[in-house]
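So you can see what is in the structure, the chains are spelled out below.
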Amino acid sequence: MKRLASIAGAILIGFLLFVPAVLAADPFPHTGRVIMSTQGDVTVPAGEHADVVFVVNGTATIQGEVNTIVAIDGAANLLGARAETIVAVRSPVEIGAGSVVVGDVMTIDSLVHRTGDGVVQGEVADVATALIGIGAVLGGALFLIWIGFGLAMIVGGLLLAGLASRQVREAETLISREPALTLGVGIVGLFAFPLVAILLIVTVIGAPLGVGILLQVWPLVAFLSYLVGGIWIGDWMLRQTSPERVRERPYLAAVLGVVLLEVMALVPILALVAMIASLFGFGSVLRLSLRTLRSRSVSRPTVAGPMPAPIAG
């Protein structure tokens, strides 16, 4: 497993870091020769060429010409060699006499040593520093996205509390009085929606309906279920602090519950609690929808008959 992870890391680093550099400056020819070794050493003799050399838990000894060298948990030794780019992850790099690296040497927890007239025409860069900078930028962007998503969910919760407070109270009642059944319906519905949509898509005739369920109905129900679950948690918390107070519309519960779910989603262990709350909301919304449809199908409008004629007397 560790070997596979190392190989995957090597390939990922190769594509993300040094392939653009090779495309930008291409002084070496390309023959299509790729050498990869795990738990073993690799040697490229003088006069030979390779496009890529991947070494994991081994030593790459280069005496000829290589476009790209990657060493992970190993070592890279250049002895009178020529290379375009070197990437070393926890691997020392020795640039011996007569060796030339025309591009960059990118390292992660690795040392680069030059002897004699060995030269690096590009830069010796610590990739970890660059990754930290990229992570900081991405982290800030993800935080802003999280803030925006959270505010949108709060607005949605307030709208739901104002426009459908009676339905929300009924859904909360289902969760509180029949939690096991409601959670079971939520779990079944979670898989039933995509299954029904896929079956409809397979039939071709029902494909438009299946796509609509998959891309519109299912996300909408999931969104409402998340809000219902948050309002239910918010109401439960408010009842613990002021059980005697009855609020007609659960505005405060919506804000409190949704914010709590958003914060819990950031913690891996607590994210499970947020997911369970959403499943409760999913089950209650499905049960309430089925109950509403059933009651409408049972109730029928009463048609008034003709009035009897008055009796003369």
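Attention here is on the structure that accompanies the text. In this text, all values refer to a predicted model and were calculated from it rather than measured experimentally. (Residues numbered from 1 in each chain as written. Predicted model: local features only at pLDDT ≥ 70, side-chain atom pairs only at ≥ 80, totals over all residues. Heavy atoms only, no water.)

**A short note on helix α5 (residues 207-241)**
A rise of 1.5 Å per residue sets the reference length of α5, with its 35 residues, at 51 Å; its end C-alpha atoms lie 50 Å apart and thus fit the reference within 8%. Along α5, the sharpest kink reaches roughly 40°, centred on isoleucine 213. (Helix = DSSP H or I, 4+ residues; strand = E, 2+ residues; numbered from the N terminus. Expected span 1.5 Å × (residues − 1). Bend = angle between axes of the 7 residues up to and from the residue.)

**Considering the nonpolar core**
With 32 residues, the main nonpolar core has Leu160, Phe193, Val221, Leu227, Val228, Ile231 and Leu261 as its most contacted residues. Within the residue set of this core, elements represented by two or more residues are α2 (127-163), α3 (165-177), α4 (179-202), α5, α6 (251-264) and α7 (268-298). Ignoring sequence-local partners within four residues, the contact set of isoleucine 231 consists of Gly157, Leu160, Val168, Glu172, Pro250, Ala253 and Ala254. The next biggest cluster of nonpolar side chains, apart from the first, holds 22 residues, and it includes Val42, Val53, Ala60 and Ala83. (Core = buried A, V, L, I, M, F, W, Y, C linked by side-chain atoms within 4.5 Å. Buried < 20%, exposed > 50% of the residue type's maximum accessible area, 1.4 Å probe, protein only. Contact = heavy atoms within 4.5 Å.)

**Overview of the pairing of strand β10 (residues 105-108)**
Where strand β7 (residues 82-89) meets β10, four bridges bridge the pair, whose relative direction is parallel. Bridging across to β10, valine 89 finds its partner in isoleucine 108. Judged from the three bridges that link them, β10 and strand β13 (residues 124-126) form a sheet pairing that is parallel. Bridge pairing links threonine 107 to aspartate 126 in β13. (Pairing = 2+ DSSP bridges.)

**Topic: the sheet that holds strand β2 (residues 42-44)**
In a beta sheet, neighbouring strands are held together by backbone hydrogen bonds and run either parallel or antiparallel to one another. In spatial order, the strands read β2-β4-β6-β8-β11; together these five strands make up an open sheet with parallel pairing. Here the strands that pair on one side only, and so sit at the sheet edges, are β2 and β11 (112-114). Across the sheet, the axes of successive neighbouring strands diverge by a mean angle of 10°, strand direction being ignored. (Axes fitted to C-alpha atoms, helices over the stretch in contact; angles between N-to-C directions.)

**Here's the deal with the pairing of strand β5 (residues 65-72)**
With eight of eight residues buried, β5 is to be regarded as a mostly interior element. Pairing analysis gives seven bridges linking β5 to β7, with the strands arranged parallel. Looking at β7, one finds that threonine 68 is bridged to threonine 85.

**Some details on α2**
For α2, which comprises 37 residues, the first-to-last C-alpha distance of 53 Å matches the rise-based estimate of 54 Å (1.5 Å per residue) to within 8%. All of the buried residues along α2 are Val127, Gly150, Met153, Ile154, Gly156, Gly157, Leu160, Ala161 and Gly162.

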